[in-house]
Amino acid sequence: GGDQYSKDVPEGCIISQEPPYQENYNIKEGDTITVVVSKGRNLVTVPKVIGKTEAEAIAALEELGLIVSITDEDRVFNKKVEAGYVIEQSVKEKEEIDAGETITLKVSKGIEMTVVPDLNGKTEEEAKTLAKEAGLKVKVEIGTDESKADGVVLYQDQEANTEVEKDSTITITINSLPTEKKGTINVNVKSLLGGAAQYEEDGTTVKNVKLEIRVNDTSIYSEEVNPLVESISAEFTNKGWV
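Starting afresh in each chain, residues are numbered from 1 along the sequence in its written order. pLDDT decides what is reported in this predicted model: residues at 70 or higher carry local features, side-chain atom pairs at 80 or more are listed and counted, and totals for whole chains, interfaces and linings draw on all residues regardless. The side-chain values count all of the structure's non-hydrogen atoms but skip hydrogen atoms and water molecules.

1. Observations regarding the environment of Glu 224
Here is step 1: Topologically, Glu 224 is positioned in strand 19 (residues 218-225).
Here is step 2: Each residue is assigned to one of three classes by its accessible area relative to the maximum for its type, calculated with a 1.4 Å probe on protein chains only: buried under 20%, partly exposed between the two thresholds, exposed over 50%. Assessed through its relative accessible area of 55%, Glu 224 is described here as exposed.
Here is step 3: In this structure the C-alpha to C-alpha distance between Glu 224 and Glu 212, which are twelve residues apart in sequence, comes to 8.7 Å.
Here is step 4: By the convention used here, residues are in contact when the closest approach between their heavy atoms is within 4.5 Å. Sequence-distant contacts of Glu 224, defined by excluding residues within four places in its chain, comprise Asn 208, Val 209 and Lys 210. A helix here means a DSSP run of H or I that spans at least four residues, while a strand means a run of E at least two residues long, and both kinds are numbered starting from the N terminus.

2. Things to note about the side chain of Thr 173
Here is step 1: Inspection of the secondary structure assignment puts Thr 173 in strand 14 (residues 169-175).
Here is step 2: Relative accessible area serves as the criterion here: at 13%, Thr 173 is assigned to the buried category.
Here is step 3: Residue contacts for Thr 173: discarding those within four places in its chain leaves Glu 141, Ile 142, Gly 143, Val 152, Val 153, Leu 154 and Tyr 155.

3. Digging into the sheet that holds strand 11 (residues 137-143)
Here is step 1: Note: two strands are recorded as paired if DSSP finds a minimum of 2 bridges between them. One open sheet accounts for three strands, arranged 11-14-12; its pairing is mixed. In the strand order of this sheet, the two ends are held by strand 11 and strand 12 (153-156), each with one partner. Across the sheet, the mean angle separating the axes of adjacent strands is 30° when strand polarity is ignored.
Here is step 2: Relative to strand 14, strand 11 runs parallel, the two being bridged by seven bridges. Counterpart to Gly 143 in the pairing with strand 14 is Asn 175.
Here is step 3: A fitted line through C-alpha atoms serves as each axis, taken over the contacting stretch for helices, and the angle formed by two N-to-C directions is quoted from 0 to 180°. Relative to the sheet, helix 2 (residues 124-133) contacts strand 11, strand 12 and strand 14, its axis offset from that of strand 11 by approximately 155°.

4. Concerning the pairing of strand 18 (residues 209-215)
Here is step 1: Judged by which residues are buried, strand 18 turns out to be one-sided: Val 209, Leu 211, Ile 213 and Val 215 face inward and are buried, whereas Lys 210, Glu 212 and Arg 214, on the alternate face, are not.
Here is step 2: Note that strand 18 and strand 19 share seven bridges and pair antiparallel. When the bridges of strand 19 are listed, Val 215 appears paired with Thr 218.

5. Considering the pairing of strand 14
Two faces make up the sheet, and in a regular strand the side chains alternate between them.
Here is step 1: Of all seven residues in strand 14, six are buried; the element is thus mostly enclosed.
Here is step 2: Pairing of strand 12 with strand 14 involves three bridges; the strand directions are antiparallel. Across the sheet, the residue bridging to Tyr 155 is Thr 173, located in strand 14.

6. A closer look at the environment of Val 215
Here is step 1: As for its position among the elements, Val 215 is in strand 18.
Here is step 2: Expressed as a C-alpha distance, the spacing of Val 215 and Phe 236, which sit 21 residues apart in the sequence, is 7.9 Å.
Here is step 3: Ignoring any residue separated from it by four or fewer positions in sequence, one finds Val 215 in contact with Ile 185, Ile 220 and Phe 236.

7. Looking at the pattern of salt bridges
Two side chains that carry opposite charge are able to pair once their charged atoms sit near each other.
Here is step 1: Definition used for salt bridges: Asp or Glu carboxyl oxygen within 4 Å of a side-chain nitrogen of Lys or Arg. Applying the stated criterion across every chain, the model contains five salt bridges.
Here is step 2: Glu 54 serves as the salt-bridge partner of Arg 75, at 2.7 Å between the closest nitrogen and oxygen. A residue pair is termed long-range when its members are at least 10 positions apart, and Arg 75 in strand 6 (residues 75-76) and Glu 54 in helix 1 (residues 54-63) qualify at 21 residues.
Here is step 3: Since its relative accessible area comes to 29%, Arg 75 is described here as partly exposed.

8. Re the packing of aromatic side chains
To describe a pair of aromatic rings, you give the distance between the ring centres and the angle between the ring planes.
Here is step 1: We call Phe, Tyr and Trp rings a pair once their centres come within 6.5 Å, taking the six-membered ring for Trp, and we label the pair stacked below 30 degrees between planes, edge-to-face above 60, and tilted otherwise. Scanning the entire structure with this criterion turns up zero aromatic pairs.
Here is step 2: Over a ring means this: the NZ of a Lys or the CZ of an Arg is within 6 Å of the ring centre and within 35 degrees of the ring normal. Seen from the ring of Phe 77, Lys 109 lies directly overhead, with NZ or CZ sitting 4.3 Å from the centre.

9. Some points on a nonpolar patch on the surface
Here is step 1: Together, Tyr 25, Ile 27 and Ile 33 give the surface a local cluster of nonpolar side chains, amounting to about 270 Å² of exposed area.
Here is step 2: In this structure Ile 33 comes out as partly exposed when scored by relative accessible area, which is 44%. Like charges are joined within 9 Å and nonpolar side chains (Val, Leu, Ile, Met, Phe, Trp, Tyr) within 5 Å, but only among residues with over 30% relative accessible area and no salt bridge; these make up the patches. For the accessible areas, the method is Shrake-Rupley and the probe is 1.4 Å, while residue cover comes only from the protein chains on display.

Set out below in structure tokens:
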């Protein structure tokens, strides 16, 4: 017997009786029927629990007779709110609901972190794939180290196996080696010297001249040649960046 809150049965009306009603069921005169009378709805005002710790929020809501639900899906990463704090409540503050109702809370798991992969020595394509799998963005810079293979990662600005914020950027330096270019230079000595008359002695002897050919300050040919020669060829290898 007694009184009981009910959101379905109006105040003053009977919620239940004992013995229960049965068709064609008789009891003796003077026997007792116990009834439970409705006190009507037990409304409570929902407080603001956003910004409280999970434990504080649960305590505040349960004290009002409310049931708190927090599933694994309700625990979400958040860049702005520290882990363990409530970021959302399914019923807004100051709303009135019946005691015994359920309120769902969402709780921050803090900033999502990821482990930095070791990209050194990887090709640019391999490095980008590994970084993407780790949830990182990639910025590419170019460097040169002739002791390392062309096209591989020389440096990464985030140390491997450390934790960084997911979606942050890692900068990698890709090795770009100069390519070798081969060429041939032809020199017309006779034309270059304007003829050989000035080099004749006694009308018969021609003095040889020193010919040096340089490419980018590197000598590729250095010989004494006859000034009447019209074609001297010299091959060279030059390093240049593509």
